[in-house]
Amino acid sequence: MSEGGTTTRSCSSGRFLTITSGTWSCNSVLGFCTGSSSATSRMNSQCGYGSSCTIKATNSWLTGDPCSGCGKTLYWSDSCPLLWSSWSSWSACPSDCITQSLHRSQSCQKPSGYSCGTAPSQSISCLLIGCTSSTEISRSTPNDLVYRSLTSNCFVAMKRTSFTFRARANNDLQLALGTHDCDDCGTHYEFIIGGWGNTKSAMYYGLSGTQCATYSQAILDQTFFDSFWISWEGNNIRTGKGGTVDSNVIMTCTRSTHFEANYILIRTGYGSSGEWRFPNDVACIHERNGNVDITADNTGCNAVSTYACASGYKQTAGNTQRTCGFGQIWSGYPLVCSDPTCKIDILFIIEASSHTSSIYSALVSAIGDLAGALQISANDIQAGVITFDDTVDKNIKFNAYSSASSLDSAITSLSISSASSSVDLAEALRVGFYEFFTLSNGNRYEAYRHFVLISKTHSQNGSVVANAIRQISKNQVFTIGIDPSSALITDLKAIAGDDSRYWEVSSPADLYPKFNEILQKIAVCPITPLPDPVTVDCKLDITFIVESYNMRFSKTLLAGLMEDIPISSDGVRVGFVTYDSGATKEFGLTTYTSSETLRGAIENVPDRTSSDHFVYQGLIKARDSVFIGTDDREDANNHYVFVVGPFYSETAAVSREIRGSGNNFIFAAHVGSSFQSEYQECVDSCGDYTRYTNTDSYDNMMNIREQFIQKITSCEAIIEITQDCKIDLVFIMDDTDTISTSKFQEMKTFLVSLVTKIVVGDDAVRIGVVTYGDDAITVFNLNQYSTASAVKTAINGLTQGNAAYGRDRRIVEKALLHTLWNVFTKENGEREDAKNFYVVLTYGGSEGMQVSDYGAALQYNSMIELFILGANVTSSFDSDFEGAVTEGRYMSASNFIELQCNSKGLVSNITECPTEDPVPLATPSCKLDILFILEASSSSAGAKFVFLKSFFANLARKISVSSDTVRIGVITYDYKGYRQFDLKTHTTNDDVSNAIMKIPEGSVPKNLLDKALLYARTTYFTEANGDRADAANYFVFSVDGIRAGSAIQGAVINANWPNQVFAVDINSTYAQEYKDAAGDNSRYFFAPSYQNLSSIEAAVLKAISKCPSPQITTTTGVSLRNKAVTAPCLNSLIYMYPKDLTAYTGGSRGMMYLMTDYVFIITTCSRITSWEFSYSRSGWIDFMVWRPSGNNYKLVAYNTIYVEGVNSTIYTVVEYERIAVLENDVIGW
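1. A closer look at the overall build of the protein
Here is step 1 of the chain: Counting secondary structure elements, the protein contains 29 helices and 56 strands.
Here is step 2 of the chain: Against the 2.2 N^0.38 benchmark of 33 Å for 1229 residues, the protein shows a C-alpha radius of gyration of 63 Å, more extended than a compact globule.
Here is step 3 of the chain: For the protein, with 1229 residues in total, the buried portion stands at 52%.
Here is step 4 of the chain: Residue pairs at least 24 apart in sequence account for 73% of intrachain contacts in the protein once pairs closer than 6 positions are excluded.
Here is step 5 of the chain: Taken as a whole, the protein presents about 51500 Å² of accessible surface, with 47% of it coming from carbon and sulfur.
Here is step 6 of the chain: For the protein, the distance from the average position of its 93 positive side-chain charges to the average position of its 124 negative side-chain charges is 6 Å.

This is how it looks when you write it as structure tokens:
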């Protein structure tokens, strides 16, 4: 184009203009204007590789002039290349194609720096391309028309009714659904997709069989994967396009009877190979039970997962390795784990009747496989087998096989030799429970016991037996019904006790899918731990006494108890006796020392059958052959435990004798409703039937298990009453001839029952025994036996009819006095710090009815308590006994058996410690020699003398006696005095008190008190008898009659200060004489009767425990009126002489005088050093100083002086008793 010209060049859509070459050339003229320049780049730059461009032939557009002044011409060539390149390859497949897409794009073809706009791109699902995916199973088939199974990929039709798939082929995608995993066996549905050169599809019954549907369109893409689905449900078989079943249906067939579809086969041919994709939904799902860990998690097809029990658990069933197979079915069985200490003995109870004969082989094979899945070993699970129809066969013991495989084989090989149409399911359970679960059959002592009953036929109701089985916490019952009737279903559920332990199947083959559920039940120990053995807080010796009848029930009950009772040589021990018309000792208390060996011994006791049921023979055999010698521990309770059915033989007498012989207790397990009261009487005569247990039938014996074990291991049978004090107790037993031998035995049994509940010992209760008739004798003293056992033995050995007394009369008071004088002595075991308890046992009233007097007299002694226990006492004697004791301490009944029913209350009563607060001992600050002078005449005899002794014994007990402070002696008198013991004989208050109570009474009808006082003054109070020169002599006499001369003797004694006389007047009617004898009313005490001596006891005690007043000094004819004294102020002399007073007007006894006359007023301060006065009679004078206080006077102090006779005297006041006086003080007396 010539210079100056313009032109436009354009390209079609999708292309851009490019200048391939351009020259801006000069127009040569005659050799001039030559030259040119390249314009290619400049032109492309000016056009910008757009779709069109206006080209200009100018220097400015082309930038430059190759030949100035010359004409120029533009030469160029151009083209229109494609804007975008061809498509790139698809992006690489991901490692696992699931939902990702692949991509490709086109690139801009313009030179660098020039944009083409947004580049075209494409995406496609990686699945359509055929990328491998973990969600799909990939298979390829060659062009060979050979069917290949998908089983190796675990993709099967079973458990399905449809599936989807994708495939890519040019033609002929062919599939078959077969009943078997082969193309030459079984029946099939066949599907041809894209056959006949991708022009037609078809469905067939059978391979190349009957065509049932077609589709005549091209269906295969041939480049990308196409999606299809196939479904079969009911009688309809369908196929369609896409990934959603039942949408885009292309073919449907309906068949009246459909084939079973289990396996899938695929192939290609007719010139085409194929690629297939199936859903990878074949992975198995972990079947994991509790307490199981997955250690290798591989759930894919043919992959192996491994499992392990969680920490703290062990394998009891199942497999630790399992392979995932086709149909999402694992090999083996899920791992079952349980407590590491868990041991289980499983008993399979299999029906082997004519009703199961047709399925028996399959049934035992399935049960064998179930057993084969168990962890069989001595430390884990053991299994046994019994089979049944109308009889029961014991096939395999628990310990017969040590591996699961051998056990599986043994069970699988079981056969039915002769099958009956009759079935006794209940008896099969009985045999399993009562006979098969024994140590000798391999049942382990510590193992749980699982019963697995497999039955097809309803028979007798087994729930009663199963209920008995479940009474033991170790036992569980499981049931499996094979095509069961409704009646059998009800029974099996009741037998299992819980629907979760019942399974129901139509056939033995149906058991396999339930294996895991079954194994998790039967091979796992219960979550709830077994209860601990009962706690026995005492030593027990138990002997089971079992009838030789239906022994399998009794033995199972008792053997099972051994698992809950801690057996040891120093705890609970067990012996065993069987009985019928006689009795047999099976083993003794020391034969077995562990619960396990004892259980085995009971299980091995031979079964016997007898029609005799003589319980008493068993009781006697136990008493005489088991509870004997060293086997019979003194510190253990003896429990006689008998088992008997609805039969009876007389046992009451033997039972009472046994119960009364120490720590013996009888327990009964009684079957049936007959003779209940008789056997209740055997365990207790008092209506306490807690040791009696009843059940209605032998089958229900296990129902009493828990209450029975609590009863026979109870330590509450013996209740020892513990005392907080020491008690010396004497039983005083009636031995008159009105008592029969049996009644005397009842009384002994009663006493033994009391002693059983008493803590006997040197620091507790001591026991003695006295028997009596018209007199009494000591059987044994308080210090003869130191244990309750020895006391009981002595009582049991006591014989009736002692010749030491007449037995035709009953005189209780003589027995009391005998006990007082001969038993309650130090040499016979009486303790100073123990109360004395008298317990009288009598079968009637006392002759003369004087018990009330003597009893009251004894109990006046603060250390004595009296109890009376009467049997068959007529009401006319009740008042005598009631009057003898304090309220509530006389108890009576028709016999001692009835009294024994209240033995606990009686023991509490007769051993009750005193509740009164201890009284502080009177403790004088001076030395005193005290002489008790007791009247012992006929008028003070009998109960009176007991009262009198109790009075003085109480006084002695309340004074602090010792050789250095207070000494006490005793004389008695009638017509003269008698020394009972001197002042130095006894050095404690208890010794003195006890000695007083032993003083015999008198019978002489005289009470010469003056002779007694004379004897005491002249003969008794001597150094040889313990009289001390520095101790005051106190004469304390009792008198109940008139005796002159006592005052004279009293005056003589009183005149010899500091000796003093004290009078205890018991209604003598001669009071003035005895007051004068005492010399002062403060030392005279009156009691209206012996029974009322207690009313003066405190006053007497206070008086005789007081030190004597200071001795007076008598001076005649000497005046102290000019004597100087030391005073707290100026020395002064006080002289007052009341001339107008005389002995008769100013000295009346009992009158007080206050001298306010000025002559008696003290005019200065000083101290009174002496009193000068005259007197005309004997007695005490108090000289007083009073001080004015307003209109009143206040006592300052006084001096007490004793005078005797008629005289004038000066009483010099000792230094520390001198009274300080002030001005205006006055005197008085």
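2. Some points on the packing of helix 24 (residues 943-957) against helix 29 (residues 1097-1104)
Here is step 1 of the chain: Orientation of helix 24 relative to helix 29, taken along the N-to-C sense of each, is 45°, at an axis distance of 10 Å. Accordingly, the angle class assigned to the pair helix 24 and helix 29 is oblique. Crossing geometry of helix 24 relative to helix 29 is assigned as right-handed. For the pair formed by helix 24 and helix 29, the contact residues are Phe 951, Asn 954 and Leu 955 on the first element and Glu 1097, Val 1100, Leu 1101 and Ile 1104 on the second.
Here is step 2 of the chain: Across the contact of helix 24 with helix 29, the residue classes tally to five nonpolar, one polar and one charged.

3. Concerning the pattern of salt bridges
Here is step 1 of the chain: In the structure shown here, the tally under the stated rule is 52 salt bridges.
Here is step 2 of the chain: With a closest N to O distance of 3.0 Å, Asp 833 and Lys 726 form a salt bridge. With a gap of 107 residues between them, Asp 833 in the loop between helix 19 (812-823) and strand 41 (834-842) and Lys 726 in strand 38 (residues 726-734) connect regions that are remote in the sequence.
Here is step 3 of the chain: Looking at Asp 833, the relative accessible area reads 48%, which means it is partly exposed.
Here is step 4 of the chain: Looking at Lys 726, the relative accessible area reads 24%, which means it is partly exposed.
Here is step 5 of the chain: Each of Lys 394, Glu 427, Arg 430, Glu 435, Arg 552 and Asp 699 takes part in salt bridges that share partners, so that together they form one network.

4. What about the nonpolar core?
Here is step 1 of the chain: Within the largest apolar cluster, 70 residues are counted, with the highest numbers of intra-cluster contacts made by Phe 932, Ile 996 and Leu 1093.
Here is step 2 of the chain: When residues of this core are assigned to their parent elements, the largest contribution, 10 residues, is made by helix 24.
Here is step 3 of the chain: Ignoring sequence-local partners within four residues, the contact set of Leu 1093 consists of Tyr 860, Phe 947, Leu 948, Phe 951, Val 1064, Ile 1066 and Ala 1087.

5. Some remarks on the state of the cysteines
Here is step 1 of the chain: All chains considered together, the criterion is met by 16 disulfides.
Here is step 2 of the chain: Across the disulfide from Cys 284 sits Cys 324; the S-S distance is 2.0 Å. Note on the Cys 284 and Cys 324 pair: the S-S dihedral is about 90°, so by sign convention the disulfide is right-handed. Residue Cys 284 is located in the loop between strand 19 (274-279) and strand 20 (292-296), and its partner Cys 324 is located in strand 23 (residues 321-325); the two are separated by 40 residues in the primary sequence.
Here is step 3 of the chain: Residue classification places Cys 284 among the buried residues on the basis of a relative accessible area of 5%.
Here is step 4 of the chain: Between Cys 342 and Cys 525 runs a disulfide, and the two sulfur atoms are separated by 1.7 Å. Looking down the S-S bond of the Cys 342 and Cys 525 bridge, the torsion is 85°, so its handedness is right-handed. Here Cys 342, found in the loop between strand 25 (336-338) and strand 26 (344-351), pairs with Cys 525, found in the loop between helix 10 (515-522) and strand 32 (539-547); they are 183 residues apart in sequence, far enough to count as distant.

6. Description of the sheet that holds strand 53 (residues 1192-1203)
Here is step 1 of the chain: Pairing in this open sheet of three strands is antiparallel, and the strands run 53-52-56 from one edge to the other. At either margin of the open sheet sits one strand with a lone partner, and together these are strand 53 and strand 56 (1226-1228). Put simply, the sheet's adjacent strands are angled 20° from each other on average, direction ignored.
Here is step 2 of the chain: In this structure, strand 52 (residues 1179-1189) lies alongside strand 56, joined through three bridges in antiparallel fashion. For Val 1185, the partnering residue across the bridge sits in strand 56 and is Ile 1227.

7. Some points on the sheet that holds strand 24 (residues 329-330)
Here is step 1 of the chain: With antiparallel pairing, the four strands of this open sheet are ordered in space as 20-21-23-24. Edge positions in the sheet fall to strand 20 and strand 24, since each has one partner strand and no second.
Here is step 2 of the chain: Pairing analysis gives two bridges linking strand 23 to strand 24, with the strands arranged antiparallel. Bridging from a neighbouring strand, Gly 325 pairs with Ile 329 of strand 24.

8. Topic: helix 28 (residues 1071-1078)
Here is step 1 of the chain: Of all the positions in helix 28, only Glu 1073, Tyr 1074, Ala 1077 and Ala 1078 are classed as buried. Relative to the axis of helix 28, the buried residues are bounded by an arc of 135° and lie together on one face.
Here is step 2 of the chain: Buried residues along helix 28 sit against helix 26 (1009-1020), strand 47 (1032-1039), helix 27 (1046-1055), strand 48 (1060-1066) and strand 49 (1084-1087).

9. Some points on the packing of aromatic side chains
Here is step 1 of the chain: Evaluation of the coordinates by the stated rule reveals 51 aromatic pairs.
Here is step 2 of the chain: Between Phe 553 and Tyr 698, the ring centres sit 5.8 Å apart and the planes meet at 40°, which makes this aromatic pair tilted. With Phe 553 in helix 11 (residues 551-561) and Tyr 698 in the loop between strand 37 (692-695) and helix 16 (705-712), the pair connects residues that are 145 residues apart, well separated along the chain.
Here is step 3 of the chain: Both rings, one in Phe 750 and one in Phe 896, keep their centres 5.1 Å apart while their planes meet at 40°; by these two values the pair is tilted. With Phe 750 in helix 17 (residues 741-756) and Phe 896 in helix 22 (residues 896-900), the pair connects residues that are 146 residues apart, well separated along the chain.
Here is step 4 of the chain: The exposure class of Phe 750 is buried, given its relative accessible area of 0%.
Here is step 5 of the chain: A network of ring pairs unites the aromatic residues Phe 398, Phe 433, Tyr 434, Phe 436, Phe 437, Phe 451, Tyr 549, Phe 553, Phe 647 and Tyr 698 as a single cluster.
Here is step 6 of the chain: Sitting over the face of the ring of Phe 667, Arg 691 holds its NZ or CZ atom 5.9 Å from the ring centroid.

10. Quick look at the pairing of strand 41
Here is step 1 of the chain: Burial analysis of strand 41 places nine of its nine residues in the buried class, which makes it a mostly covered element.
Here is step 2 of the chain: Read from strand 41 through helix 20 (residues 851-860) to strand 42 (residues 864-871), the crossover connection turns out right-handed.

11. Some thoughts on helix 12 (residues 595-603)
Here is step 1 of the chain: Among the nine residues of helix 12, seven are classified as buried, and the element is accordingly described as predominantly covered.
Here is step 2 of the chain: Every buried residue of helix 12 is accounted for by Ser 595, Leu 598, Arg 599, Gly 600, Ala 601, Ile 602 and Glu 603.
Here is step 3 of the chain: Structurally, helix 12 contributes buried residues whose contacts are with strand 29 (448-455), helix 11, strand 33 (572-579) and strand 34 (583-587).

12. Here's the deal with unusual backbone geometry
Here is step 1 of the chain: The linkage connecting Trp 1057 with the following residue, Pro 1058, adopts the cis geometry, with an omega of 10°.
Here is step 2 of the chain: Its place among the elements puts Pro 1058 in the loop between helix 27 and strand 48.
Here is step 3 of the chain: Here the phi dihedral of Gln 328 falls at roughly 55°; this positive angle occurs in a residue that is not glycine.
Here is step 4 of the chain: Assignment of secondary structure puts Gln 328 in the loop between strand 23 and strand 24.
Here is step 5 of the chain: A residue is classified by how much of its surface remains accessible, and Gln 328, at 34% relative accessible area, is partly exposed.
Here is step 6 of the chain: The backbone of Asp 483 shows a phi angle near 45°, a positive value even though the residue is not glycine.

13. Quick notes on the side chain of Arg 599
Here is step 1 of the chain: Mapped onto the elements, Arg 599 comes out in helix 12.
Here is step 2 of the chain: Apart from residues lying up to four places away in sequence, Arg 599 is in contact with Phe 437, Thr 438, Leu 439, Asn 443, Arg 444, Tyr 445, Arg 449, Ala 559, Met 562 and Glu 563.

14. A closer look at the side chain of Asn 443
Here is step 1 of the chain: Here Asn 443 shows up in the loop between helix 7 (425-436) and strand 29.
Here is step 2 of the chain: A polar atom in the side chain of Asn 443 sits 2.5 Å from the side chain of Arg 599.
Here is step 3 of the chain: Residues contacting Asn 443, with those up to four places away along its chain left out, are Asp 345, Phe 398, Phe 437, Thr 438, Arg 449 and Arg 599.

15. Some points on the environment of Glu 233
Here is step 1 of the chain: In this structure, Glu 233 sits in strand 15 (residues 226-233).
Here is step 2 of the chain: Assessed through its relative accessible area of 57%, Glu 233 is described here as exposed.
Here is step 3 of the chain: Taking the C-alpha atoms as reference, Glu 233 lies 9.2 Å from Arg 160; in sequence the two are 73 residues apart.

16. As for a nonpolar patch on the surface
Here is step 1 of the chain: Among the surface-exposed residues, Val 29, Leu 30 and Phe 32 lie close enough to one another that they form a single nonpolar patch of about 380 Å² accessible area.
Here is step 2 of the chain: Structurally, Phe 32 is set in the loop between strand 2 (18-26) and strand 3 (36-38).
Here is step 3 of the chain: When its relative accessible area of 59% is taken as the criterion, Phe 32 is described as exposed.

17. Thoughts on the environment of Glu 547
Here is step 1 of the chain: Considering the arrangement of structural elements, one finds Glu 547 in strand 32.
Here is step 2 of the chain: Through-space distance from the C-alpha of Glu 547 to that of Val 615 is 7.6 Å; in sequence the pair is 68 residues apart.
Here is step 3 of the chain: Beyond its immediate chain neighbours, meaning those up to four positions away, Glu 547 contacts Tyr 579, His 613, Val 643, Val 644, Gly 645, Phe 647 and Tyr 698.

Rules used in this analysis
Along each chain, residue indices are assigned from 1 in the same order as the chain's sequence is written. Only residues with pLDDT of at least 70 get local features here, since the model is predicted, and only at 80 or more are side-chain atom pairs given and counted; chain-wide, interface and lining totals rely on the full set of residues. Based on all heavy atoms of the structure, the side-chain values leave hydrogens and waters out of the count. Runs of H or I in DSSP of at least four residues are treated as helices and runs of E of at least two as strands, each being numbered from the N terminus. Taken over C-alpha atoms, the radius of gyration is set against a globule rule of 2.2 Å times the number of residues to the power 0.38. Residue burial is assigned from relative accessible area. The probe radius is 1.4 Å, only protein chains are included, and a residue is buried under 20% of its type maximum, exposed over 50%, and partly exposed in between. For this analysis, residues touch if any pair of their heavy atoms sits within 4.5 Å. Surface exposure here means Shrake-Rupley accessible area, sampled with a 1.4 Å probe, where a residue is shielded only by the protein chains that are shown. Residues scored as charged are limited to Lys and Arg (positive) and Asp and Glu (negative), so that His and the chain ends carry no count. Charge positions come from single atoms, namely NZ of Lys, CZ of Arg, CG of Asp or CD of Glu. A fitted line through C-alpha atoms represents every axis, and for helices the fit uses only the stretch in contact; the resulting angles, taken between N-to-C directions, go from 0 to 180 degrees. When an angle is under 35 degrees it counts as roughly parallel; over 145 it counts as roughly antiparallel; between 65 and 115 it counts as roughly perpendicular; any other value is oblique. Should the near helix be turned counterclockwise from the far one by less than a right angle, the crossing is left-handed, whereas a clockwise turn marks it as right-handed. Note on residue classes: Ala, Val, Leu, Ile, Met, Phe, Trp, Tyr, Cys and Pro are nonpolar, Asp, Glu, Lys and Arg are charged, and everything else, Gly too, is polar. The salt bridge definition used is simple: a Lys or Arg side-chain nitrogen within 4 Å of an Asp or Glu carboxyl oxygen. Think of a nonpolar core as a cluster: buried Ala, Val, Leu, Ile, Met, Phe, Trp, Tyr and Cys residues, connected wherever their side-chain atoms sit within 4.5 Å. The rule for a disulfide is simple: a pair of cysteine sulfur atoms within 2.5 Å. Criterion used throughout: strands pair if DSSP finds at least two bridges between them. In this description, the arc belongs to the directions extending from the helix axis to the C-beta atoms. Note on ring pairs: Phe, Tyr and Trp rings are taken, using the six-membered ring of Trp, and paired if centres are within 6.5 Å. Classes follow the plane angle, with under 30 degrees stacked, over 60 edge-to-face and the rest tilted. Lysine and arginine charges are scored as sitting over a ring when NZ or CZ, respectively, is within 6 Å of the ring centre and within 35 degrees of the ring normal. If the strands point away from the viewer and the path from the first strand over the helix to the second runs clockwise, then the crossover is right-handed. Pairs of N or O atoms are called polar contacts if they sit within 3.5 Å, as long as, within protein, a hydrogen donor faces a hydrogen acceptor (for residues adjacent in sequence, only side-chain-to-side-chain pairs). Residues enter a patch when their relative accessible area is above 30% and they make no salt bridge; the linking distance is 9 Å between like charges and 5 Å between nonpolar side chains (Val, Leu, Ile, Met, Phe, Trp, Tyr).

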